[in-house]
Amino acid sequence: MTGNKSTVLVVEDDRYILKVLETLLSSGGYKVVSAASGADARTLFSSHMPQMILLDLGLPDVDGITLLKEFRGVTSVPVIAVTARSTERDVIIALDNGADDYVTKPFSAPELLARMRAVLRRNAHEQSSETFYSVGGFTIDFDKRSVIVDGEPVRLTQVNTA
Ligand code: CA
């Protein structure tokens, strides 16, 4: 994968932490796309189709868990929850709602990079056994029953039998 950097969407409203993460991930060989709010995160996810998401759970405009569920509805890319909440319960909620891993602030830079490598490895392994059909900007994920056109998830109409 030389010359083919993984794009990471970093969702973090704290400007200082965002700056630290941008510097850390860039030096770690990642291409960083930064979002300071949930709204930005939704837009940038669609336009950049990142290979990984670092998601701060404490955002100003949307609950991080809500955003996590939204991402999980449309993508299986790894999500690492970054959180100041370090109680066992918060960690369980994040993992149960689709986070692949989590780090708590203040985090150790080498540990975060190692966790990112680990989830990317696991994801690469899973992708090879997943049922995907992709052509041009059009992707069908049979496992998740989702369709994505040019990075935008397409809402499939459900037949209402009620
Ligand atoms: Ca925050």
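Residues numbered from 1 in each chain as written. Predicted model: local features only at pLDDT ≥ 70, side-chain atom pairs only at ≥ 80, totals over all residues. Heavy atoms only, no water.

In the first shell of the calcium ion, the protein supplies Asp 13 (OD), Asp 56 (OD) and Gly 58 (O), at 2.2 to 2.4 Å from the metal. Mapped onto the sequence, the donors of the calcium ion take the spacing D-x42-D-x1-G. A residue is classified by how much of its surface remains accessible, and Asp 56, at 3% relative accessible area, is buried. Judged by its relative accessible area of 38%, Gly 58 falls in the partly exposed class. (Donors = N, O, S within 2.8 Å, 3.2 Å for Na, K, Ca; no water. Buried < 20%, exposed > 50% of the residue type's maximum accessible area, 1.4 Å probe, protein only.)

In this section: the environment of Asp 56. Along the polypeptide, Asp 56 turns up in strand β3 (residues 52-56). Among all residues touching Asp 56, those that are not within four sequence positions of it are Val 11, Glu 12, Asp 13, Gly 64, Val 82 and Lys 105. A distance of 3.2 Å separates a polar atom in the side chain of Asp 56 from the backbone nitrogen of Gly 58. (Helix = DSSP H or I, 4+ residues; strand = E, 2+ residues; numbered from the N terminus. Contact = heavy atoms within 4.5 Å. Polar contact = N/O pair within 3.5 Å; in protein donor to acceptor, adjacent residues only side chain to side chain.)

What follows concerns the packing of helix α1 (residues 15-27) against helix α5 (residues 109-127). In a pair of packed helices, the angle between the axes and the distance between the axes together describe the arrangement. The N-to-C vectors of α1 and α5 enclose an angle of 60°; their axes lie 11 Å apart at closest approach. In terms of orientation, α1 lies oblique with respect to α5. The hand of the α1/α5 crossing is right-handed. Across the interface between the two elements, Leu 21, Leu 24 and Leu 25 from α1 touch Ala 109, Leu 112, Leu 113 and Met 116 from α5. (Axes fitted to C-alpha atoms, helices over the stretch in contact; angles between N-to-C directions. Parallel < 35°, antiparallel > 145°, perpendicular 65-115°, else oblique. Left-handed = near helix turned anticlockwise from the far one by under 90°.)

Applying the stated criterion to the full structure yields one aromatic pair. Pairing Phe 45 with Phe 71 gives two aromatic rings, centres 5.1 Å apart and planes at 55°, and the pair type is tilted. Linking Phe 45 in helix α2 (residues 38-48) with Phe 71 in helix α3 (residues 64-74), this pair joins segments that are 26 residues apart in sequence. (Phe/Tyr/Trp six-rings, centres within 6.5 Å; stacked < 30°, edge-to-face > 60°.)

The values are spatial; any link to function lies outside them.
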